[in-house]
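Architecture and fold: a report
The residues making up each chain are set out below.
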Amino acid sequence: MKLSRPIRAVIDLAALRHNYAVARGRAPNARAWAVIKADAYGHGQWRAVQALRGLADGFALLEAENAADLRAAGVDLPLLLLEGVFASRDARLACEFGLTTVLHSREQYELLAAAAGSRPLPPLYVKLNTGMNRLGFTAADLPWLRQTMARLPAGTVTLMTHFAEADGGRGIDWQLARFRDLSEGWQGPVSLANSAAILRHPASHGDWVRPGIMLYGASPFADQAAADLGLQPAMTLESSIIAVQDVTAGERVGYGGLFEAPRAMRVGIVACGYADGYPRHAGTGTPIAVLGRRTQTLGRVSMDMLACDLTDIPEAGLGAPVTLWGRGAAGEVPADAVAAAAGTIAYELFCALAPRVPVQVTDAS
């Protein structure tokens with residue numbers, strides 16, 4: 001049944017392929033995992049697989065059951081469990097379906113060894129903690145780790161780490177130095193680079209890179225736009241004007257009266273609110289596009305609606321198309337710009353898209 005409310009999200013599969021190609025082009029000597037965790041950053045895991053199957057070198061995700069479903073659907077590419085196994089059931093699935101598995105603790109190794117029994121363990125990505133201090137083995141674990149790895153078949157282990165500040169001024173050199181110290185003597189493959197490192201730190205590319213946010217057309221950098229990196233938006237959130245209010249100078253708009261009109265204004269009401277995934281903390285001045293022209297939001301975002309300034313777009317009335325973020329009929333609004341205005345990042349915008357928002361899939365290629 002077609003929904004009457006005008007809001008929708010449009011997922012562009014061609015943009016996903018384009019952005020994956022950008023990642024491969026930036027790291028031409030490495031293979032690339034397409035990171036599809038968190039339901040492909042809100043874009044839909046199966047949609048991302050559909051777009052990138054036949055192009056990606058492998059898919060990286062979190063849940064063993066989702067990886068098993070991909071295998072059942074005929075996806076025979078390498079599948080990487082980015083946080084490894086959480087329980088014995090995950091370990092059994094990893095062994096049964098040959099899932100490449102991050103190993104960041106001794107307990108995970110014990111789960112995998114028990115599940116494998118007399119069979120070989122699945123391929124392992126051994127994670128070293130080089131300063132992120134979330135997951136990974138430290139220098140204190142090295143004796144056990146080296147002894148354990150020596151018992152594993154050659155070619156089944158890749159060393160990895162994760163960068164904490166690849167997108168910032170501190171960079172990655174300090175973590176690379178720690179990685180080299182922890183991995184002294186290692187001759188096998190390594191996987192180090194996330195989106196930011198792929199784009200800005202070519203020395204980290206190694207054998208496998210792990211593009212995430214860049215696949216979906218957002219920039220990992222606060223100081224560089226996605227378009228300047230050659231990336232295309234893969235998600236567009238769009239809606240329409242459902243009402244227009246003429247307000248006089250001094251009148252207020254929305255809950256709490258946070259916006260006071262400095263002059264006579266035309267205020268458009270858009271069918272989009274925080275229940276759709278639009279950030280409630282996006283205040284006045286957040287960019288929005290109406291009828292192909294850039295304008296701004298006004299006041300506080302409501303559950304189902306938000307207000308925008310139509311004063312300088314007199315032709316915009318009921319039904320006028322609106323782009324909340326992405327590249328839509330009403331114009332282009334970078335998700336990064338919306339996120340910055342809301343004090344967050346595009347990752348959160350994408351992942352917060354509400355289930356009630358209908359999704360349309362397009363493929364321009």
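In this report, we go over the structure that sits alongside the text.

The rules behind the values
Residues numbered from 1 in each chain as written. Predicted model: local features only at pLDDT ≥ 70, side-chain atom pairs only at ≥ 80, totals over all residues. Heavy atoms only, no water. 1 Å grid on protein atoms, 1.4 Å probe; cavity = no way out; pocket = protein on both sides within 12 Å on 5 of 7 lines; lining within 4 Å. Points joined across faces, edges and corners; volume = space filled by probe spheres on them. Helix = DSSP H or I, 4+ residues; strand = E, 2+ residues; numbered from the N terminus. Nonpolar A, V, L, I, M, F, W, Y, C, P; charged D, E, K, R; others polar. Core = buried A, V, L, I, M, F, W, Y, C linked by side-chain atoms within 4.5 Å. Buried < 20%, exposed > 50% of the residue type's maximum accessible area, 1.4 Å probe, protein only. Contact = heavy atoms within 4.5 Å.

1. Some points on the layout of surface pockets
- Here the largest pocket defines a volume of roughly 920 Å³.
- As for the largest pocket, its lining consists of 40 residues, of which N194, I213, P220, I345 and Y347 are closest to the centre.
- Secondary structure elements with two or more residues in the lining of the largest pocket: α2 (37-41), α9 (195-200), α10 (335-341) and α11 (346-351).
- If one sorts the elements of the lining of the largest pocket by residue count, α10 sits on top with 4 residues.
- Of the volumes computed, that of the second largest pocket is approximately 230 Å³.
- If you go around the second largest pocket, you meet 13 residues; those closest to its centre are G254, Y255, R300, S302 and M305.
- Split by residue class, the lining of the second largest pocket holds 8 nonpolar, 3 polar and 2 charged.

2. Brief notes about the nonpolar core
- Counting residues in each nonpolar core, the largest one holds 119 residues, and the members touching the most others are F59 and V126.
- The element contributing the most residues to this core is helix α1 (residues 13-26), with 6 residues.
- For F59, the contacting residues outside a window of four places in its chain are W33, A34, I36, A48, V49, L52, R53, V75, L77, P78, L79 and L80.

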